[in-house]
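Next come the chains, spelled out residue by residue.
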Amino acid sequence: MDGRFDPTQADRRWQERWEDERCFEADSSSDKPKTYILEMFPYPSGRIHMGHVRNYTMGDVIARFRRMQGHEVLHPMGWDAFGMPAENAAMERKVHPGSWTWANIGAMRDQLKRIGFALDWSRELATCDPAYYGHEQALFLDLFDAGLVYRKESEVNWDPVDMTVLANEQVIDGKGWRSGVPVERKKLSQWFLKITQFADELLEGLGSLERWPDKVRLMQENWIGKSRGLHFRFALVDGPAGIDEVEVFTTRSDTIFGASFLALSASHPLALAAAEHDPDAAAFILECNAGGTSAAEVETLEKKGFKTKFEAKHPFNSNLRLPVYIANFVLANYGTGALFGVPGHDQRDYEFATRYHLSIKRVVAQGRDVASEPIGTEAEGGPGIAVNSDFLDGLETRDAAAEVIRRAEEAGWGRASTIYRLRDWGVSRQRYWGTPIPFIHCDSCGVVPVPRDQLPVILPEDVSFEIPGNPLDRHAAWKSVNCPTCGAAARRETDTLDTFVDSSWYFIRFASQPSDRPFDRFEAEAWLPVAQYIGGVEHAILHLLYARFWTRALQHIGQLGIAEPFAGLFTQGMVTHETYKAGDGSWLSPGEVRRDGDDWVHIESGHPVASGRVEKMSKSKRNTIDPEPILAKHGADAVRWFMLSDSPPERDLEWSESGIEGAARFVQRVWRLVASVSGEPGDDKDLERKGYATIAGVTAAIEGLQFNKAIALLYEFASAIEKAPASAARDGAVRTLVLLVAPMAPHIAEECWDFLGETGMIIDAPWPGFDPAMLVADEVTIAIQVNGKLRETLTVARGLDRAALEAQALALEKVQRQLDGGTPRKIIVVPDRLVNIVA
RNA sequence: GCCCCUGUGGCGGAAUGGUAGACGCGCUCGACUCAAAAUCGAGUUCUGCAAGGAGUGUCGGUUCGAGUCCGACCAGGGGCACCA
């Protein structure tokens, strides 16, 4: 054996052997306990980046670890292959989105294989493959049959650059999540999935997801936004034809006596009725609709209203008349699109009332406040005691609210109800590169599903991207089809599905992939739920909520007996790197700069460079590090090792050259240790104990996804072995180390295993165990404190009694010096741990 | 505005209420070498010659004992945002 381990040779050799022997193909009929490990599948953008490497390394460690523990592991990989970038590439480079995507998949698959992931490539799938999206179309029709899919004319978020509709979740700060331009409002007929039907289930289900980060559960909870309150009606005085009341929703029914106006959204039926005979009202509505939705605009937007000629009667006092306004701050799609304003206890209503000189009445008193004290310069939003509120006076907010609901229900003008912030999921996209929605539009039969035997509806190949918009819409031959019901000439639906639909069930297809249907229920259930799902926190709401919904929808229609798809979730941090900016403001890549003392200079020009913030690796900031040359230089194990060390996995990891070098050093260190195996006899109790402690620690750390801790323990163990004299125990420790390193650095581990003369591959070796009794040392180090401060340590036999410990501690010179002749007031003794002398 | 998270050496970060700074990076010194790389050894929170003293964002509290628990504040990050 040579002095150095050569990863370039070994990596490929083991990767080929794993592949040739089909080691990582999961057997659905295995008797072993089944474990499903999954990382969020990548979009095939062209190249693997460090974020992928980190993500997949973590999953790979768990997968290999579980395998060594005797589990049958499913660890698949595929491609989230539909989406905008392929169309953009098509426009820019005149290539077909399909050929671009498939070429990228090929390149990225090769890259992943060179990192040595234990993946079951036999189950690889790509969502742009008709063999995948055809089944998706079938599932979509199943959901349609179950009434979970509907079509509705609705105001949508229109991205004027991408020329498509966006889901609410894809609008960030009023801008398209991809294009970054302000979203416009537009009315279109869209397909929707009834996610709101599952709002409560999705909320309740979060409680069972104990192995999810609290943060993600909280984000989903907020997103679903459950509010309990009262729906009730205000009768109108002289309402227009057909409208004699206005329904509102409130969570603060206790403030009902503080109402001083009603406000309607611009698209409320009563607002439209008002506009019919009043050009001023119509103009105001237009103004409201023109308003942008960006955060900046919303923040600075003044509360404005238009006073209609209608008045509403207060439900508890029909003599009290409230003016009805159309107001720009009322949301059309939350609650009923109308509200009653309580300026005293809602800041937004306060601003509105101030502007239009409406009365601001106190109906809740807090602390020392008294009923007669006026509201100050701000609304008082918190709970308190009802005042100036007739029969509610003296009741606490909660009780007052309940009392109003009780009376409203009794009198029949309102009912307790719950509403959600969550909206139904609009899935129509006016794009080419997506799953065609399997419907046909017939002039006489309406919207007709494509018959099952005609699935998949395949995307046409001959399309052009010369003009913006949806090429499917211009493709006359593809579009024209006969109506399946009446046979007359009809048109295909040209919208495609949101790509989040594709990723809402891929984990089921991984588990079971028959050719004639989306999945086999029993095979899928054998693997699901995913034991450990790993991905970026950016999917905390969108993807994870949709996938949960889709799974529950399948359960609802009896296709799958699983409620939650991901039993364990882990969101890993990003891989970051310092940024560099040249004098002219342009970004420079790490390869273009070099260190010069404490400063950075541009290598080519020698000009000074400003080093900026450490940020997520991104093309625009040019601070990316391509994994490829790093792999070639240091080998897969060093890259994997570095991805796991240093930072806790949920935090960001800053890429550093010295970090990867340190990792490569450790790989060589393992190799040298294996070469130092002596064959000499003899035991070494301390080293054995250290070995057991390391096994226990590493096992717990991997189970808790604390890879950085596992690695620290392995470094410590390696140091201990290096220092130990030759013995059989030392040789055994080296073997243990190799086993423990195997999930993280599998290539060197196989190489070492082979060198040690073990039979079979290390991927199949059992994970080492230990006897907990062996972890206990004979001697323990006791901390000796005076007044809680450490003064000395003492090594004593384990289990030494309190009196002996106390005596030994008091005898210490340093303790005596601290006591300075005085008598201790109290002595705390924790056996095997510490003695604290209180002076 | 509301909700949540995080503050520990030069850096990444360890610490069931019980020896703060494990482990890694960097740095210093030493060994090996003609020299370098690689490797090995010693050291590395601050302050002090030392004994000692101070020290986990700030201020207070609980406790024999607080990085850890409680309260207030400061700073950074994230999520939601006219949600009735």
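Structure: above.
Quick look at the structure, then. Predicted model, so just to flag it, every value in this text is computed and none were measured. Positions within a chain are numbered from 1, following the residues in the order the chain's sequence is written. Just so you know, chain letters begin at A and ligand numbers begin at 1, following the order they were written in. Where local features are concerned, this predicted model is filtered to residues with pLDDT of at least 70; where side-chain atom pairs are given and counted, the filter is 80 or more; whole-chain, interface and lining totals use all residues. Side-chain numbers come from the whole structure's heavy atoms, not from hydrogens or water.

A helix here means a DSSP run of H or I that spans at least four residues, while a strand means a run of E at least two residues long, and both kinds are numbered starting from the N terminus. By secondary structure assignment, the location of Glu380 is in the loop between strand S16 (364-365) and strand S17 (385-386). Relative accessibility thresholds used throughout: buried, under 20% of the residue-type maximum; exposed, over 50%; partly exposed, between the two (1.4 Å probe, protein chains only). Take Glu380: its relative accessible area is 18%, and that puts it in the buried class. Side-chain polar atoms of Glu380 contact the side chain of Arg362, separated by 3.1 Å. Polar contact is the term for a pair of N or O atoms within 3.5 Å; when the atoms are in protein, one must be able to donate a hydrogen and the other to accept it, and sequence-neighboring residues count only if both atoms are side-chain atoms.

Let's shift gears to the sheet that holds strand S26 (residues 532-536). When DSSP finds two or more bridges between a pair of strands, those strands are recorded as paired. Pairing within the open sheet is parallel, and its 4 strands lie in the order S2-S1-S26-S27. The open sheet is flanked by strand S2 (72-74) and strand S27 (569-572), the only strands paired with a single partner. For this sheet, the mean inter-axis angle between neighbouring strands, taken without regard to orientation, is 20 degrees. Note that strand S1 (residues 34-39) and S2 share 3 bridges and pair parallel. Angular values range over 0 to 180 degrees, each being the angle between N-to-C directions of two axes fitted as lines to C-alpha atoms, with helices fitted over their stretch in contact.

All right, on to the packing of helix H2 (residues 50-68) against helix H20 (residues 636-644) then. Relative orientation of the contacting elements H2 and H20 amounts to 90 degrees, with a least axis distance of 9 Å. Classed by the angle they form, the pair H2 and H20 counts as roughly perpendicular. In this structure, H2 contributes Met50, Val53, Arg54, Thr57, Met58, Asp60, Val61 and Arg64 to the contact, and H20 contributes Val639, Arg640, Met643 and Leu644. Think of it as three bins: nonpolar holds Ala, Val, Leu, Ile, Met, Phe, Trp, Tyr, Cys and Pro, charged holds Asp, Glu, Lys and Arg, and polar takes everything else, Gly as well. Looking at the contact of H2 with H20, its residues break down into 7 nonpolar, 1 polar and 4 charged. We call two directions roughly parallel when the angle between them is under 35 degrees, roughly antiparallel when it is over 145, roughly perpendicular when it lies between 65 and 115, and oblique otherwise. Residue contacts are counted whenever heavy atoms from the two residues lie within 4.5 Å of one another.

With respect to the element layout, Ala26 can be found in the loop between helix H1 (7-20) and S1. Exposure remark for Ala26: the relative accessible area of 12% places this residue in the buried category. Residues Ala26 and Phe261, spaced 235 residues apart in sequence, show a C-alpha to C-alpha distance of 65 Å. Non-local contacts of Ala26, meaning those with residues more than four positions away in its chain, are made with Glu72, Val73, Leu74, Asp120, Arg123 and Trp527.

Another point: a nonpolar patch on the surface. A surface patch of nonpolar side chains, about 210 Å² in accessible area, is lined by Phe770, Leu775 and Val776. Tracing the sequence through the fold places Leu775 in the loop between helix H25 (746-755) and strand S34 (779-786). Judged by relative accessible area, Leu775 falls into the partly exposed class, the value being 32%. Only residues whose relative accessible area exceeds 30% and that form no salt bridge enter a patch; like-charged residues are grouped when within 9 Å of one another, and nonpolar side chains (Val, Leu, Ile, Met, Phe, Trp, Tyr) when within 5 Å. Note that accessible areas follow from Shrake-Rupley with a 1.4 Å probe, and for residues the cover is restricted to the protein chains shown. Just to be clear on terms, a salt bridge is a Lys or Arg side-chain nitrogen sitting within 4 Å of an Asp or Glu carboxyl oxygen.

Take H2 next. How far a helix is expected to stretch is found by multiplying one less than its residue total by 1.5 Å. In this model H2 runs 27 Å from its N-terminal to its C-terminal C-alpha over 19 residues, within 8% of the 27 Å that 1.5 Å per residue would give. With 17 of its 19 residues buried, H2 lies for the most part within the structure. Of the residues flanking the end of H2, it is Gly70, one or two places downstream, whose phi is positive at about 95 degrees.

Across the 5 residues that make up strand S37 (residues 834-838), a large majority, 4, are buried. Bridge count for S34 against S37 is 4 bridges, and the pairing is parallel. What sits directly across from Ile784, in S37, is Val835. Note that strand S36 (residues 826-830) and S37 share 5 bridges and pair antiparallel. Bridged to Ile828 within S37 is Asn836. As consecutive antiparallel partners, S36 and S37 are separated by 3 residues, and within that stretch Asp832 has a phi angle of approximately 65 degrees, a positive value.

One broad trend across soluble globular proteins is that nonpolar side chains are buried collectively. Buried Ala, Val, Leu, Ile, Met, Phe, Trp, Tyr and Cys residues that are joined via side-chain atoms within 4.5 Å together make up what is termed a nonpolar core. By size, the foremost hydrophobic cluster in this structure holds 176 residues, and its most contacted members are Tyr36, Trp425, Phe507 and Trp655. Dropping the residues within four chain positions of it, Trp655 is found in contact with Met50, Val575, Thr576, His577, Met617, Ile625, Ile630, Phe642, Met643 and Ile660. If you look at the next biggest cluster of nonpolar residues, it comprises 40 residues, including Ala271, Val364, Ile405 and Trp413.

The peptide bond linking Leu455 to Pro456 adopts the cis configuration, its omega dihedral lying at -5 degrees. Residue position: Pro456 is located in the loop between strand S22 (446-449) and helix H13 (471-474). Of the consecutive residues Leu528 and Pro529, the connecting peptide bond is found in the cis state with omega at -5 degrees. For Pro529, the location among the structural elements is in the loop between helix H17 (521-527) and S26. Despite not being glycine, Asn787 has its phi angle at roughly 55 degrees, a positive value. Position of Asn787 among the secondary structure elements: in the loop between S34 and strand S35 (789-797). A relative accessible area of 47% means that Asn787 is categorised as partly exposed. Located in the positive-phi region is Asp832, a residue other than glycine, with phi close to 65 degrees. By secondary structure assignment, the location of Asp832 is in the loop between S36 and S37.

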